[in-house]
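The residues making up each chain are set out below.
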Amino acid sequence: MTEHQSSHLTAEIIDEAIRELHSIHDWLRWSVSQFNKAHIYFGHGTDNPWDEAALLLAHSLDMARITENLLSLRMTSTEAKVFCDLLLQRIEQRIPAAYLTQQAFFCGLSFYVDERVLVPRSPIGELINRSFEPWFKAQKPARILDLCTGSGCIAIACAKQFPDAEVDALDISEDALDVAIFNIEQHELEHQVFPMLSDGYDAIKGQTYDLIVTNPPYVDAEDMADLPDEYHHEPELGLASGQDGLELTRRILSEAAEHLNDGGWLICEVGNSMVALQEQYPDLPLQWLEFERGGLGVFAISKTDLVKHQDSFSA
């Protein structure tokens, strides 16, 4: 146990809280204080200690969320003990809240998650909510590929946004694909979203799409070594991508054109590796996107430009 993880939330402190705290509001305030003392990292669904505590508290009470009219209500000692157990795991083991609740939200949809998949948090969700305009303003995509699908959240959200589209969801991890299949079934989309085990594009040779959307692993070696402890609960296969973070992205770019229909687009997230990508392909006309709700490192590129610059991928 590292120094910042050494337990300050002792049994005596928890017993005192169960005796003296009364309302849900009391418990939320106390939890925020515990999170602040522990210096935990936020970024797997919430970005502040109040929302993180409210999420865990709602889960412990079997509620969808904590609303203002609930704040004055009291918890039983049994409910308090369940909540304290979640707090202990969150603080001492640095387990992201989404893994403790086994639930994450993306594009307003609920997804089952566990440590076989990354916690959904991509800014690509904002593009899905906008129906990928302006790239598909007139003609909606009929065939969509979600490469590196993980939990299936992007594929499922795309299927919900484009109910007439066929969506293929590929991943190299059997464990991740099992989670994706579960989520596809939960959303009753077996007729529209098709999961496949695949190393890159290998399982779809000869197939083409109007849109390829992908959130591949893109963390470089230096950043992997410096990630907060919460990230080490996520599968490394979904995060790390070689020394410069672009090992898989280079392959995605080099093979994308042959899997895109005329007029098709590739949307890809590379996060902090965007600088390395720009340095490696300075002439590639990548459209770097801006997001109202924050996020960076997502680009769009057309099939036309991919074909025009195909030689640069083998340089």
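Residues numbered from 1 in each chain as written. Predicted model: local features only at pLDDT ≥ 70, side-chain atom pairs only at ≥ 80, totals over all residues. Heavy atoms only, no water.

Chemist: With reference to specific residues and values, describe the pairing of strand β4 (residues 166-171).
Modeler: For β4, a buried count of five out of six residues is recorded, marking the element as mostly surrounded by other parts of the structure. Pairing geometry for strand β3 (residues 143-147) and β4, over five bridges, is parallel. Note that in β4 the partner of L147 across the bridge is L170. In this region the chain leaves β4, passes through helix α8 (residues 174-186) and returns to the parallel neighbour strand β5 (residues 193-197); the handedness of that crossover is right-handed. (Buried < 20%, exposed > 50% of the residue type's maximum accessible area, 1.4 Å probe, protein only. Helix = DSSP H or I, 4+ residues; strand = E, 2+ residues; numbered from the N terminus. Pairing = 2+ DSSP bridges. Right-handed = clockwise from strand over helix to strand, strands pointing away.)

Chemist: Go over helix α7 (residues 153-161) with me, naming the residues and quoting the values.
Modeler: In terms of burial, α7 is largely enclosed, as seven of its nine residues are buried. Taken as a whole, α7 has its buried residues at C153, I154, A155, I156, A157, C158 and A159.

Chemist: Could you give me a rundown of the nonpolar core, with the residues and numbers involved?
Modeler: Counting 40 residues, the largest nonpolar core has I24, W27 and I66 as its most contacted members. Once residues lying within four places of it in the same chain are set aside, the contact partners of W27 are A17, I18, L21, H22, M75, A80, F83 and C84. Within the second largest apolar cluster, 32 residues are counted, among which are I124, L127, I128 and V167. (Core = buried A, V, L, I, M, F, W, Y, C linked by side-chain atoms within 4.5 Å. Contact = heavy atoms within 4.5 Å.)

Chemist: Lay out unusual backbone geometry in plain terms, naming residues and giving numbers.
Modeler: In this structure, P134 follows E133 across a cis peptide bond, with omega equal to 10°. In this fold, P134 is placed in the loop between α6 (124-129) and β3. Even without being a glycine, Q102 presents a positive backbone phi close to 55°. Residue placement: Q102 occurs in the loop between α5 (97-101) and β1 (104-106). For Q102, a relative accessible area of 38% gives the class partly exposed. For S131, which is not glycine, the phi dihedral falls at a positive 60°. As for its position among the elements, S131 is in the loop between α6 and β3.

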